[in-house]
Amino acid sequence: MAETHVKTFTTPHEATAEAAGLAWLAEAEAAGGTRIARVLDRPSPTVLDLELIDDGSPTAQQAERFGRSLAHTHAAGADGWGTPAPGFPDDGPLRMGRSGTAFVTAAHAPATWGEFFAEYRIRDYVRRIVDRGGAGRGFGPGFDPDEVALFDRVADRVQDGTLGSPQPALVGDRPARLHGDLWAGNVLWPGDHSEPTGAVLIDANPHGGHAETDLALLALFGLPRLETVLDAYDAESRLADGWQERVELHQLAPLLLHVFLFGGSYRGAAVRAARRYT
């Protein structure tokens, strides 16, 4: 019997959303997308038994295979900007887990990435931080009025297309199929180095978005052999010119989320990133 990782959720809604998201990402494997950890069982409404992956340190070959396979995951596409995986439960809010990350239905999806990212990432997180009166769980002050105005100016420039950019070549003119929480801890490197896609992904927050957002999150918390991953991705699916200059723009979403959840040093990092794009 395969070893499992048991993951317990607060509500059945969260467990269903996680299972649906992993299954949706796994659909891209047939076209060369990165392998996704399997849901092996659901012993109760709030528990998933997940495939246990033996994690190690990546070789250069693994990193290259991951970069190329991630390009094909993104290229699998999504129904709309900000839409969640098919099968996302409709018995509760269109938000994911304790982070409350917002999604939209396909019928109400924004027409552009800029409209989605401005409203459902930048403005949504800033509003929630301010409404709560501080940065996550009382860990320091929230944003002052000048900082709120700063984020709003960046959101305006994103929404009107000033800070937009084309998707990578394989994605084309449509939303990419994002993992959505692609920090280094959710990228596992099988220790026997045999995985054809280089890595196995876990703990997703999938939706339709800009592929550069996933890549920016890989950079935020220090993925091993990141340069090799990005070079391989670019070789497989050409990134738009100037993508390096947009990394902190796409990092605004996870930085603001971390302000909401944890406060602390993330507040200053989010403000510094926003100042680059005003």
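Structure shown above.
Read on for a plain summary of the structure. (Residues numbered from 1 in each chain as written. Predicted model: local features only at pLDDT ≥ 70, side-chain atom pairs only at ≥ 80, totals over all residues. Heavy atoms only, no water.)

**Brief notes about the packing of aromatic side chains**
The relation between two aromatic rings is expressed through the spacing of the ring centres and the mutual angle of the planes. In total, this model carries six aromatic pairs according to the counting rule given. Ring centres 5.7 Å apart and planes at 90° place the aromatic pair F66 and W189 in the edge-to-face group. Of this pair, F66 sits in helix 2 (residues 60–75) while W189 is found in the loop between strand 8 (187–188) and strand 9 (200–201), placing the two residues 123 residues apart along the sequence. Geometry around F260 places R128 over its ring, the cationic atom sitting 4.2 Å from the centre. (Phe/Tyr/Trp six-rings, centres within 6.5 Å; stacked < 30°, edge-to-face > 60°. Helix = DSSP H or I, 4+ residues; strand = E, 2+ residues; numbered from the N terminus. Lys NZ or Arg CZ within 6 Å of the ring centre and 35° of its normal.)

**Notes on empty space enclosed by the protein**
Counted by the stated rule, this structure contains one cavity of 30 Å³ or more. Empty space within the largest cavity amounts to approximately 30 Å³. In terms of lining residues, the largest cavity is bounded by A17, G21, A85, F88, M96, F103, N205 and P206. (1 Å grid on protein atoms, 1.4 Å probe; cavity = no way out; pocket = protein on both sides within 12 Å on 5 of 7 lines; lining within 4 Å. Points joined across faces, edges and corners; volume = space filled by probe spheres on them.)

**Considerations on the packing of helix 4 (residues 145–159) against helix 7 (residues 247–262)**
For the pair helix 4 and helix 7, interaxial distance at closest approach is 12 Å and the crossing angle is 135°. Regarding the angle of helix 4 to helix 7, the classification is oblique. For the element pair helix 4 and helix 7, the recorded crossing hand is left-handed. Contact residues: F151, V154 and V158 in helix 4; L249, L252 and L256 in helix 7. By residue class, the composition of the contact of helix 4 with helix 7 is six nonpolar, no polar and no charged. (Axes fitted to C-alpha atoms, helices over the stretch in contact; angles between N-to-C directions. Parallel < 35°, antiparallel > 145°, perpendicular 65-115°, else oblique. Left-handed = near helix turned anticlockwise from the far one by under 90°. Contact = heavy atoms within 4.5 Å. Nonpolar A, V, L, I, M, F, W, Y, C, P; charged D, E, K, R; others polar.)

**Focus: the pattern of salt bridges**
Using the criterion set out here, one finds 19 salt bridges in the structure. With its nearest N and O atoms 2.7 Å apart, the salt bridge here joins R267 to E147. Note that R267 is positioned in helix 8 (residues 266–275) and E147 in helix 4, a separation of 120 residues in sequence. Taking the shortest distance from any N to any O, the salt bridge between R276 and E245 comes out at 3.0 Å. On the criterion of sequence distance, the pair formed by R276 in the segment after helix 8 and E245 in the loop between helix 6 (226–236) and helix 7 is long-range, its members being 31 residues apart. When salt bridges with common partners are traced through the structure, they connect E119, R123, R127, D152 and D156 into a single cluster. (Salt bridge = Lys/Arg side-chain N within 4 Å of Asp/Glu carboxyl O.)

**Topic: the layout of surface pockets**
There is about 810 Å³ of room inside the largest pocket. Mapped by element, the contributors of at least two residues to the lining of the largest pocket are helix 1 (12–26), helix 3 (113–131), helix 5 (211–220) and helix 7. Examining the composition of the lining of the largest pocket, we find that six residues originate from one element, helix 7, more than from any other. Residues of the lining of the largest pocket, tallied by class, amount to 14 nonpolar, ten polar and eight charged.

**Re unusual backbone geometry**
Unusually for a residue other than glycine, H193 sits at a positive phi of about 60°. Summarising the element assignment, H193 is placed in the loop between strand 8 and strand 9. Judged by its relative accessible area of 36%, H193 is partly exposed. The phi angle at R225 is positive, at roughly 55°, despite the residue not being glycine. Structurally, the position occupied by R225 is in the loop between helix 5 and helix 6. Judged by its relative accessible area of 42%, R225 is partly exposed. (Buried < 20%, exposed > 50% of the residue type's maximum accessible area, 1.4 Å probe, protein only.)

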